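# Geometric and topological summary
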Amino acid sequence: MIAGIQVFGILFALAMCYFTYLYYKRKDYPKTDYLFWMSIWIGFLFLVSFPSATSDIIHPLGIASTMQLFTILAFLLTFALLFYQHDLLRKNEQKIGKLVRENAIENAKRKK
Amino acid sequence: MKTVAVIPAYNEDETIASVIENTRKYVDSVIVVDDGSRDETYEHAAEADILIRHSVNMNKGHAMITGIEAAIREGADIIVAIDADDQHDPEDIPLFIKTLIEENLDIVFGSRKLDGNMPPVLRFGNLFLTTATYALYGIWISDTQSGFRVFTKEAYKKIKWKSKDYRMETEMIVNAAKNKLKYKELKIKTRYNNPHKGTTVMDGIKIFTSLIIWRITK
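Keep in mind the model is a prediction, meaning the values are calculated, not measured. Residue positions within a chain follow its written sequence, with the count starting from 1. Chains and ligands are labelled by the order in which they are written, letters from A for the one and numbers from 1 for the other. Since the coordinates come from a predicted model, pLDDT governs what is reported: local features require at least 70, and pairs of side-chain atoms require 80 or more to be given and counted, while whole-chain, interface and lining totals use all residues. Calculation of side-chain values draws on the structure's entire complement of heavy atoms; hydrogens and water are dropped beforehand.

This paragraph deals with the overall build of chain A. Secondary structure counts use DSSP, requiring at least four H or I residues in a row for a helix and at least two E residues in a row for a strand, with both numbered from the N terminus. Of regular secondary structure, chain A possesses four helices and one strand. Listed by position from the N terminus, the elements making up chain A come as α-α-α-α-β. Here the C-alpha atoms of chain A give a radius of gyration of 22 Å, more than 25% beyond the 13 Å that 2.2 N^0.38 yields for 112 residues. Each principal axis of the C-alpha distribution contributes one length, and for chain A these read about 80 × 35 × 25 Å. Atoms counted for the radius of gyration: C-alpha only. Globule rule: 2.2 Å times residue count to the power 0.38.

What is meant by a nonpolar core is a set of buried Ala, Val, Leu, Ile, Met, Phe, Trp, Tyr and Cys residues, joined one to another through side-chain atoms within 4.5 Å. Each residue is assigned to one of three classes by its accessible area relative to the maximum for its type, calculated with a 1.4 Å probe on protein chains only: buried under 20%, partly exposed between the two thresholds, exposed over 50%. Ranked by internal contacts, the top residues of the largest apolar core, which has 38 residues, are Ile-31, Ile-52, Ile-68, Phe-151, Ile-159, Trp-161 and Leu-211 of chain B. If one sorts the elements of this core by residue count, helix H3 (residues 60-73) of chain B sits on top with six residues. Residue contacts follow a heavy-atom distance rule, with two residues in contact if any of their heavy atoms lie within 4.5 Å. Filtering out sequence-adjacent residues up to four positions away, Ile-52 of chain B remains in contact with Ala-104, Ile-105 and Ala-108 of chain A together with Ile-31, Val-32, Val-33, Asp-34, Thr-66 and Ala-70 of chain B.

Residues and elements named next belong to chain B. Covered by surrounding structure in strand E4 (residues 78-81) are Ile-78 and Val-80 together with Ile-79 and Ala-81, the residues of both alternating faces. Pairing between strands requires that DSSP locate at least two bridges from one strand to the other. As paired elements, strand E1 (residues 3-9) and E4 share four bridges and run parallel to each other. Opposite Val-4, over in E4, you have Ile-79 as the bridge partner.

Residues and elements named next belong to chain A. In this structure, Thr-66 sits in helix H4 (residues 66-106). The class of Thr-66 is buried, set by a relative accessible area of 9%. In contact with Thr-66, not counting residues within four places along its chain, are Leu-47, Pro-51, Thr-54 and Ile-58.

Moving on, we get to the domain arrangement of chain A. For each domain, the first and last residues come from an automatic or database assignment. By domain assignment, chain A separates into domain 1 (1-49) and domain 2 (64-112). Once you take the C-alpha centre of each, domain 1 of chain A and domain 2 of chain A turn out to be 25 Å apart.

Moving on, we get to the packing of aromatic side chains. Remark: the centre distance and the inter-plane angle together describe each pair of aromatic rings, the angle taken between the planes. By convention, a stacked pair of Phe, Tyr or Trp rings (six-membered ring in the case of Trp) has centres within 6.5 Å and planes under 30 degrees apart, an edge-to-face pair has planes over 60 apart, and any other such pair is tilted. If you walk through the whole model with that rule in mind, you get 15 aromatic pairs over all chains. Judged by centre distance (4.7 Å) and plane angle (5°), the ring pair of Phe-96 of chain B and Phe-148 of chain B falls under stacked. Placement of Phe-96 of chain B in helix H4 (residues 93-102) and of Phe-148 of chain B in the loop between helix H5 (120-137) and strand E6 (149-152) is noted, with a sequence separation of 52 residues between them. Comparing Phe-96 of chain B with Phe-148 of chain B, the two get one shared label, buried. An aromatic cluster of at least three residues, connected via ring pairs, comprises Phe-12, Phe-36, Trp-37, Trp-41, Phe-44 and Phe-70 of chain A. Directly above the aromatic system of Tyr-42 of chain B lies the positively charged group of Arg-53 of chain B, at a separation of 4.0 Å from the ring centroid. Geometrically, a charge over a ring is one whose NZ (Lys) or CZ (Arg) sits within 6 Å of the ring centre while staying within 35 degrees of the ring normal.

Once that is clear, we can look at the pairing of strand E2 (residues 29-34) of chain B. All names here are of chain B. Counted residue by residue, E2 has six buried out of six residues, so it is predominantly covered. Of the two faces of E2, both are covered, the one formed by Ser-29, Ile-31 and Val-33 as well as the one formed by Val-30, Val-32 and Asp-34. Looking at chain direction, E1 and E2 are connected through six bridges and run parallel. Each residue of the ladder has a partner; that of Ile-7, found in E2, is Val-32.

Chain B puts 22 residues into the contact, and the matching count from chain A is 11 residues. A pair is scored as a salt bridge if a Lys or Arg side-chain nitrogen falls within 4 Å of a carboxyl oxygen belonging to Asp or Glu. At the surface where chain B touches chain A, the tally comes to two salt bridges. Among the ionic pairs, Arg-110 of chain A bridges to Glu-74 of chain B, the shortest N-O distance being 2.4 Å. Looking at the side of chain B that touches chain A, the elements that each hand over two or more residues are strand E3 (50-53) and H3 of chain B. For the side of chain B that touches chain A, the element with the highest residue contribution is H3 of chain B, accounting for six residues. For this classification, the nonpolar set comprises Ala, Val, Leu, Ile, Met, Phe, Trp, Tyr, Cys and Pro, the charged set comprises Asp, Glu, Lys and Arg, and every other residue, Gly included, is treated as polar. When grouped by side-chain class, the residues that make up the side of chain B that touches chain A number 10 nonpolar, four polar and eight charged. Bridge count for strand E1 (residues 109-110) of chain A against E3 of chain B is two bridges, and the pairing is antiparallel.

Residues and elements named next belong to chain B. Along the chain, the position of Asp-28 falls in the loop between helix H1 (16-24) and E2. As for Asp-28 and Tyr-183, which are separated by 155 residues in sequence, their C-alpha atoms are 23 Å apart. If sequence neighbours within four positions are ignored, Asp-28 has contacts with Met-1, Lys-2, Thr-3 and Asp-49.

Shown next, in the form of structure tokens:
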């Protein structure tokens, strides 16, 4: 029997699969990004649908339930993304700074 | 020796014209970097020898680098960094340049008097950051946040900062300490025209955090 939280998880995973597919078809995502995110959502969908499938893996790790596994993985993924985004933001700021500077110096106004 | 003043300005249309006029008397050339101001700073800075405009606001750290890179292209040997809000007195510039040359220094820091004239929050924050800088890097500058500084072109290459905001003032000191540059601190006259501008408490927290990070990474 499927519990309420599972229904919510399945709907969420299906919606994310749809958006990933949509972005890929709009050519916003390259194939590698599409395959990466699609495999994440399909894996998520599988685990939400069959939570008992993880019991052989989670019990030796001292994790009580699949829900707990999701929570731990979500935290790890959030921190990894935060780190990645921070690095990306810093690099982009440097690139924008360089562009703005070069453009500003090139168009500097000299007093006649 | 060619001396060039670099004035980064962001929304300073009330003061920029008089700062340019008063600074010009003591240097060979004045460069103003309008850091994407939303007021009429750019129009009011028309008297600058070179007027540079950032298309978007990039913060003081970036604006200073833009101005200094332009100054070096213009053949500057000595760079005078001065704020656009008219809080510094350009009359102090000759003494700074004289001290830099005669004592063969790399950089001269201007330090505001930490007296009743300075707003209490600024005074406490400055004292805290000065102590932290000394504890972590062994360099004592009584006003780590002053924007009035004079340095040589060679020194700039060693003190060049990565910070985009007000942390640049402190990073400059940290880099000077790391590179064992010869420096001196001189007291300057200061006017506090607008209490809402300049370093905030949040900036102070960011600077302190960066001081610790730089100690590990630099």
